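Structural overview for review
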Amino acid sequence: MPLESLAKTLILVALALLAAGALLFVFARLGLPRLPGDFVVEGRNWKVYFPLATSILLSLLLTVLLNLAVRFFR
């Protein structure tokens, strides 16, 4: 039995990573990585990017996907 639960967990993690990768790919194609709320601080020879809004959006989407996956595996 413990091997079955480990297998289910690994499948769940793999699906979550696949979904996150697909979302990032689609967002990059649509030009969404620069959402309002993402901050860019630039200096003379440096640039720092704070993707606050993108992180919140991805967090919400992954929460929904993981909740659906957990309900599916129960």
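A brief report on the enclosed structure follows. In every chain, residue numbers begin from 1 and rise along the written sequence. Two thresholds apply to this predicted model, a pLDDT of at least 70 for residue-level local features and 80 or more for giving and counting side-chain atom pairs, whereas whole-chain, interface and lining totals are computed over all residues. Side-chain numbers here rest on the full set of heavy atoms in the structure, without hydrogens or water.

Description of a nonpolar patch on the surface
Taken together, the side chains of F39, V41, W46, V48, F50, L52, I56 and L60 present a nonpolar region at the surface, about 770 Å² in accessible area. To qualify as a helix, a DSSP run of H or I must reach at least 4 residues; to qualify as a strand, a run of E must reach at least 2; elements of each kind are numbered from the N terminus. Among the elements of the structure, β1 (39-42), β2 (47-50) and α2 (52-73) are those that each provide at least two residues to the nonpolar patch. Considering each element in turn, the nonpolar patch owes the most residues, 3 residues, to α2. Inspection of the secondary structure puts V48 in strand β2. What makes a patch is a set of residues exposed beyond 30% relative accessible area and free of salt bridges, joined within 9 Å when like-charged and within 5 Å when nonpolar (Val, Leu, Ile, Met, Phe, Trp, Tyr). Where accessible areas are quoted, they stem from the Shrake-Rupley method and a 1.4 Å probe; at the residue level, only the protein chains shown are allowed to cover. What counts as a salt bridge is simple: a side-chain nitrogen of Lys or Arg found within 4 Å of a carboxyl oxygen of Asp or Glu.

Description of the packing of helix α1 (residues 2-30) against α2
Think of each axis as a best-fit line through the C-alpha atoms, taken over the contacting stretch in the case of a helix, with angles from 0 to 180 degrees between the N-to-C directions. As a packed pair, α1 and α2 sit with axes 10 Å apart at the nearest point and diverge in direction by 150°. The handedness of the crossing between α1 and α2 comes out as right-handed. Of the residues in α2, those in contact with K8, I11, L12, A16, A19, A20, L23, L24 and F27 of α1 are L57, L58, L61, L62, L65, L66, A69, V70 and F73. Nonpolar residues are Ala, Val, Leu, Ile, Met, Phe, Trp, Tyr, Cys and Pro. Charged residues are Asp, Glu, Lys and Arg, and all others, Gly as well, are polar. Here the contact of α1 with α2 is composed, by residue class, of 17 nonpolar, no polar and 1 charged. Handedness of a helix crossing follows the sense of rotation of the near helix relative to the far helix, less than a right angle counterclockwise being left-handed and clockwise being right-handed. Two residues form a contact once any of their heavy atoms are found within 4.5 Å.

What about the pairing of β1?
Here 4 bridges tie β1 to β2, and the two strands are oriented antiparallel to one another. Looking at the pairing, V41 lines up with V48 of β2. Between any two strands, at least two bridges found by DSSP are needed for them to pair.

Observations regarding α1
The span you would expect from a helix comes to 1.5 Å times its residue count less one. Its 29 residues place the ends of α1 42 Å apart at the C-alpha level, agreeing with the 42 Å of an ideal helix rising 1.5 Å per residue. The buried label goes to any residue with under 20% of its type's maximum accessible area, the exposed label to any with over 50%, and the partly exposed label to all in between, with areas taken from a 1.4 Å probe on protein chains only. Those residues of α1 lying buried are L12, A20 and F27. Close packing links the buried residues of α1 with α2.

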